[in-house]
Amino acid sequence: MATNKEGWTKAVEEEHDRMVANNVWRPIKLDELPEGTKILTTTWACKLKSSGRKHARLNARGYEQVDGIHYDGLSIHAPVTNDTSVHTVMVLALMAGWTGLINNVQGAFLKGKLDQET
């Protein structure tokens, strides 16, 4: 975690509380794990947003994951955008006379069913 703990501990606690509220994981005992199961470790990524808000995110250490066991390398993707794309869409919407609504999402969680153990 960042060396300057002021405010970062609160950011980590807020993200942790969001994950608990959204049932992101459930606690398990080590003796409940199947033989040979590898536990992926995690790390906190802390970022100071342009608004001045401190944001923390829990990340699995990807280099510990194995293709075909922890994920399917053929079907992974992460939809992303950039500022230019967003600005272009906003200009086109203004030119067409459209109205819009902007929301600030504190945390977004996917609620899909998994076909494999994670």
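Conventions used here
Residues numbered from 1 in each chain as written. Predicted model: local features only at pLDDT ≥ 70, side-chain atom pairs only at ≥ 80, totals over all residues. Heavy atoms only, no water. Helix = DSSP H or I, 4+ residues; strand = E, 2+ residues; numbered from the N terminus. Expected span 1.5 Å × (residues − 1). Buried < 20%, exposed > 50% of the residue type's maximum accessible area, 1.4 Å probe, protein only. Arc of directions from axis to C-beta. Pairing = 2+ DSSP bridges. Polar contact = N/O pair within 3.5 Å; in protein donor to acceptor, adjacent residues only side chain to side chain. Contact = heavy atoms within 4.5 Å.

Asker: An account of unusual backbone geometry is needed here, citing residue identities and associated values.
Answerer: Even without being glycine, Asn23 reaches a positive phi, approximately 50°. Structurally, the position occupied by Asn23 is in the loop between helix H1 (8-21) and strand E1 (42-48).

Asker: Would you mind going over H1 in detail, with residue names and values included?
Answerer: Taking 1.5 Å of rise per residue, 14 residues should cover 20 Å, and H1 covers 20 Å from first to last C-alpha, within 8% of that figure. Considered for burial, the residues of H1 that qualify are Trp8, Ala11, Val12, Glu15, Arg18 and Met19. Looking down the long axis of H1, one finds its buried residues gathered within 125° of arc, a one-sided arrangement. Exposed and oriented more than 90 degrees from the buried face of H1 are Lys10 and Ala21. Of the residues flanking the end of H1, it is Asn23, one or two places downstream, whose phi is positive at about 50°.

Asker: Before we move on, can you summarise the pairing of E1 with the specific residues and values?
Answerer: One ladder, built from 7 bridges, connects E1 with strand E2 (residues 54-60); its direction is antiparallel. Each residue of the ladder has a partner; that of Thr43, found in E2, is Asn59.

Asker: Just give me the short version of helix H2 (residues 83-96), but keep the residues and values in it.
Answerer: Its 14 residues give H2 an end-to-end C-alpha distance of 20 Å, which sits within 8% of 20 Å, the value for a rise of 1.5 Å per residue. The opening residue of H2 is Asn82, an N-cap whose side-chain oxygen sits 3.2 Å from the backbone nitrogen of Thr84.

Asker: I'd like a rundown of the side chain of His55, residues and numbers included.
Answerer: Along the chain, His55 falls in strand E2. The class of His55 is buried, set by a relative accessible area of 14%. Here His55 is in contact with Trp8, Ala11, Glu15, Arg18, Ala45, Cys46, Lys47 and Lys49, once residues within four sequence places are set aside.

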